[in-house]
Amino acid sequence: MEGCLYPVGTPIGNLKDITIRALEVLKDVDLIASEDTRRTRKLLSHYGIHTSLISFYEHNELKRIPYIIKQIKEGKSIAIVSNAGMPGISDPGCSLIKEAVKEGLRIVPVPGPTALISALVSSGFSTNEFVFEGFLGRKKSMRLNRLKRLKDEERTIIIYEAPHRIKKILPEIKQILGDRRIAVGREITKKFEEILRGRVGEIEKLFEKRRPQGEFTLVIEGEKVPRNS
């Protein structure tokens, strides 16, 4: 029996945002490797799924990868899920998938929602070309260096940010990229979902009056290139 690794997309908020195929895979695999077992258990319980779980996150991935690879080689089917969305995007799933590719193992992706695409299509900016930067970093110096590399980027820019850093990153974006148009997605697909649109400075002032809550996806308009007359 050939083993298989299934990167499975799970809801980014609303538990109804999961495909029938994803539910079938989560039910039928031998094991689910989860970035947050508590969150995954809630999802599984909601749909009456009782598949065994093991934790797989940033601080134990090096230990877990050899075990998971061994299980797949022995013919087991294993699903990997992240906290939310598609595994392998801004989470430890990427390292496992790389190792599975290296070992020549079968990998079958099961598509699902992602915050970056949901925010992009809601932004009103160009979706023809875009660049996803993930989290820019905890340290200010790292964030500023990343932003400097994006200063002349013509494509739409997508960034993830945590609520406790949103007030820090907005003035940094304005400082390096200028007061561009931006769309900030908050709690996408959840009860208090909202898309805030305006100039960076306008959104910055908005958060001076309110406490940032929830996970944020920032979509920044690309640099406008002057056309020759």
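Preceding this section is the structure that the text describes.
Report follows, based on the coordinates.

Calculation notes
- Residues numbered from 1 in each chain as written.
- Predicted model: local features only at pLDDT ≥ 70, side-chain atom pairs only at ≥ 80, totals over all residues.
- Heavy atoms only, no water.
- Helix = DSSP H or I, 4+ residues; strand = E, 2+ residues; numbered from the N terminus.
- Buried < 20%, exposed > 50% of the residue type's maximum accessible area, 1.4 Å probe, protein only.
- Core = buried A, V, L, I, M, F, W, Y, C linked by side-chain atoms within 4.5 Å.
- Contact = heavy atoms within 4.5 Å.
- Axes fitted to C-alpha atoms, helices over the stretch in contact; angles between N-to-C directions.
- Parallel < 35°, antiparallel > 145°, perpendicular 65-115°, else oblique.
- Left-handed = near helix turned anticlockwise from the far one by under 90°.
- Nonpolar A, V, L, I, M, F, W, Y, C, P; charged D, E, K, R; others polar.

We now examine the environment of F132. The topology assignment puts F132 in strand β5 (residues 130-135). Here F132 falls in the partly exposed class, since its relative accessible area comes to 26%. Taking the C-alpha atoms as reference, F132 lies 8.8 Å from Y160; in sequence the two are 28 residues apart.

A separate point is the nonpolar core. The tendency in soluble globular proteins is for nonpolar side chains to be buried side by side. Grouped together as the largest cluster of nonpolar side chains are 22 residues, with contacts concentrated most on I159, L170, I173, L177, I182 and L218. Counting only elements with at least two residues in this core, the list comes to α6 (140-149), β6 (156-161), α7 (166-177), β7 (181-186), α8 (200-209) and β9 (216-220). Of the residues forming this core, the biggest block, 6 residues, is contributed by α7. Among residues more than four places away in sequence, those in contact with L170 are I182, V200, I203, E204, F207 and L218.

Quick look at the packing of α7 against α8 now. Close contact between α7 and α8 brings their axes to 9 Å; oriented N to C, the two are set at 155 degrees. The pairing of α7 with α8 is recorded here as roughly antiparallel in orientation. For the pair α7 and α8, the crossing hand works out as left-handed. Contact residues: I166, K167, L170, P171, I173 and K174 in α7; V200, G201, I203, E204 and F207 in α8. In terms of residue class, the contact of α7 with α8 is made up of 7 nonpolar, 1 polar and 3 charged.

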